[in-house]
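A closer look at the structure
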Amino acid sequence: MEAEGRPRRVLIVGATSAIASEVARRYAAGGASLVLTGRNPARLAAVGDDLRVRGAGSVETEILDLLDRGRHAAVVKRAFGGPLDVALIAHGDLPDQQRCQTDPGEAARALELNLVATVELLTLLAGEFQAQGSGTIAVVTSVAGDRGRQSNYVYGAAKAGVGVFLQGLRQRLRATGVRVVTLKPGFVDTPMTAHLPPNPLASSPQRAARAIYRAIESHRDVAYIPWFWRPVMALIRAVPESLFKRLRL
Amino acid sequence: MTPFPIRPGRSWGRYPATRHSRVLRARWRDQPPTLSDLRGPLLASGCGRSYGDSGLNADGVLIDATGLDRFIELGEHGLLRCEAGVTLAEILDLVVPRGWCLPVVPGTRWVTVGGAIANDIHGKNHHRLGTFGAHVTRFELARSSGERLLCSAESNPELFAATIGGLGLTGLILWAELRLQRVPGPGIDQETIRFEGLDGFLTIAAEDVHHEYTVAWVDCLSRGRHLGRGVYLRGAHHPLPADWAPLAVGPRLRVPCDAPSALLNRLTISAFNALNYRRAPRVRSRRAVPFAPFFFPLDAIGDWNRLYGRRGFVQYQCVVPETAGAEAIHEILERVGTSREVPGLGVLKRFGAQRSPGLLSFPRPGLTLAVDLAFRGHATLELLEGLDAVVRQAGGAVYPAKDARMSGESFRAFFPAWERFSRHMDPRFSSSFWRRVNGS
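Residues numbered from 1 in each chain as written. Chains lettered and ligands numbered in written order. Predicted model: local features only at pLDDT ≥ 70, side-chain atom pairs only at ≥ 80, totals over all residues.

To continue, consider the overall build of chain B. Counting secondary structure elements, chain B contains 12 helices and 20 strands. Taken along the three principal axes of its C-alpha coordinates, chain B extends 60 × 50 × 45 Å. In chain B, buried positions account for 50% of the 440 residues. Taking the contacts inside chain B whose residues are at least 6 apart along the sequence as the reference set, 78% of them involve residues at least 24 apart. (Helix = DSSP H or I, 4+ residues; strand = E, 2+ residues; numbered from the N terminus. Buried ≥ 20, exposed ≤ 12 C-beta atoms within 10 Å, placed from the backbone. Contact = placed C-beta atoms within 7 Å.)

It is worth spelling out unusual backbone geometry at this point. Omega for the peptide link from A:Ile225 to A:Pro226 comes to -15 degrees, which places this bond in the cis form. Position of A:Pro226 among the secondary structure elements: in the loop between strand S7 (222-225) and helix H8 (229-238). Of note, the bond from B:Tyr15 into B:Pro16 is cis; its omega dihedral lies within 30 degrees of zero at -5 degrees. Within the element layout of this structure, B:Pro16 appears in the segment before strand S1 (22-25). Residues other than glycine seldom take positive phi values, yet B:Asp59 does so here, at roughly 65 degrees. Its identity as a non-glycine residue notwithstanding, B:Asp120 has a phi of 35 degrees, on the positive side.

Residues and elements named next belong to chain A. The first and last C-alpha atoms of helix H6 (residues 153-173) sit 29 Å apart over 21 residues, in line with the 30 Å expected at 1.5 Å per residue. What H6 keeps buried is the set Val 154, Tyr 155, Gly 156, Ala 158, Lys 159, Val 162, Leu 166 and Leu 169. For H6, the secondary structure elements touched by its buried residues are helix H4 (97-102), helix H5 (104-132), strand S5 (135-140) and strand S6 (178-185). (Expected span 1.5 Å × (residues − 1).)

Attention shifts here to the pairing of strand S4 (residues 86-89) of chain A. All names here are of chain A. Residues Val 86 and Leu 88 point to one face of S4 and Ala 87 and Ile 89 to the other, with burial holding for every one of them. Strand direction decides the pairing type here: strand S1 (residues 9-13) and S4, joined by four bridges, are parallel. Directly across from Leu 11, in S4, lies its bridge partner Ala 87. (Pairing = 2+ DSSP bridges.)

Moving on to the interface of chain B and chain A. At the junction of the two partners, chain B supplies 12 residues and chain A supplies 10 residues. It is strand S4 (residues 71-74) of chain B that provides the largest number of residues to the side of chain B that touches chain A, a total of four residues. Considering only residue class, the side of chain B that touches chain A consists of six nonpolar, no polar and six charged. (Nonpolar A, V, L, I, M, F, W, Y, C, P; charged D, E, K, R; others polar.)

Moving on to the environment of B:Arg194. With respect to the helices and strands, B:Arg194 occurs in strand S11 (residues 187-195). Setting aside residues no more than four positions away along its own chain, B:Arg194 makes contact with B:Val231, B:Tyr277, B:Ala280, B:Pro281 and B:Arg282.

The next subject is the sheet that holds strand S5 (residues 79-83) of chain B. Residue and element names in this part refer to chain B. A sheet is described by the order of its strands in space; here five strands give the open sequence S4-S5-S9-S7-S8, paired in antiparallel fashion. Each edge of the sheet is formed by a strand with only one pairing partner; in this case those strands are S4 and strand S8 (148-152). Mean inter-strand twist for the sheet, computed between neighbouring axes without regard to direction, equals 10 degrees. Inspection of the sheet shows S4 paired to S5 by three bridges, in the antiparallel sense. (Axes fitted to C-alpha atoms, helices over the stretch in contact; angles between N-to-C directions.)

Quick look at the structure:
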């Protein structure tokens, strides 16, 4: 699915995450030009070097803290330094649910990073993509957004918010030729989840990245990562609330 | 990254079984785990392909280095810099299409660069290019003191020599730089020669100094005048055209569960060996093959170690000097063949005169033999103790990367530099192997 004759240009926000850097490797192997953002300069540089060696046509890096709103526009402008094929939004942070329950500031911060910052960035990207008349916006959300659970409902609420935003955006952009892909990973074995007990349904970042790459390249609307989370979540969504509230999920 | 999930607590031979108090992941080379904060002995771990207990650290901390999986730089002249958890599979996948190859590869591509250095691994071209460590130009080592030391022949040369083949005991390797070799293409011009017995092998090996890669498979159950019969393989790089598959994909076949231990017995193995022997052409034959099946035939079957069943297996690899060589190998094959043990694949090769760079490097000039043996408890250990005596007598050595049972006395005889080595160890690093051979 190469754009005719020219290497693809891909923006990855949150490129130092285990999943995002694996997806980036797939694009790098195809010679893509990559624009990467991340918070930690040394880590971003390490990821950038890796992708250069693996065949990326070019790698540009931008240090970006998503909470630093003033910088979003500059980053989007840089990404559109050439025709942009894909923007993958993969930043995020799993907040400490216990702390969110007692510290409203913590809950607000989690929503700000996982929802508000994403919406801001998406609004800017949507405008540019619309003007360009082509491209794919892909966003990593989570199965946690499919149903609120006591173990992670603040995170889930943020991801659900992003999911609904993307549904609307998808409708809005449909006629302009811009695609919107909602990616819903289940439990992935990454540093973000390393402190949690092992999960039998966990998949590796490599497997998640493979599924994400495929979902983006085949313009899926909503993709569960990996696929089996679709039936699992369908089941979980089907449980009546009167029963669900009694469960210890 | 490896498609084989690490199962901490067991090595590739699945004997012995141990527990670690903690498995910690290293992911960023600029910010390795703070080693001084950890409790208990430390040991870095890669793909877990060491056979015995040199990669285990019972009741201690295992530092999983497979997250250090980034390339850093590939220079025009084939100088590659990458993090220590990058696998040889990933390197080959990257460099072979660009006309380069690793100078030394072992029998599996699922090992990390850090593991390859720590065991100073060798391959089918030892007689030409020596060990893996001979092509490593420098690396960075994180020590529990918090120091991060650049090691090379010029900078910290003693620590450089101690770390190559140092079984991971000198600290955590963060990244390394190595020299690749130019190759004409992704193929191997392979020649297959059947030999009747050990003498047949020696005749071919003696005339064989020009081939880049040489190795022989031996039937460890053949006796009498057929003792040591087998199939000799040799090859050279060849510009095979397009029809080669990308490498880093996992195997198509996988052993799904532990086989019943009765599956592999002397009868089934004998039959398999005879089949393998007769399948090889009676006369010399040559053909071009892709390099992966030539170098890594067993990688085609995932988790093949499970064929040996729940109790696992031990691999015995020794080297004996050329002078004592043939007789000692003859004696070892004789003992294995007449025992009641169950030997799988045997591999025979002649090491060259290249000096190994590590203080504890295993390869040295002579003949090397490797045999898998199903682990059957005391009897297996007793047979191997006897083989150690033969090797000691011959002035040879047994390979720690594959060992789960050699005595401290044998270790010190095989590796006379051990005392000098131990001065360079990181005081916080240790392994089940090291504690075993040092009697603690």
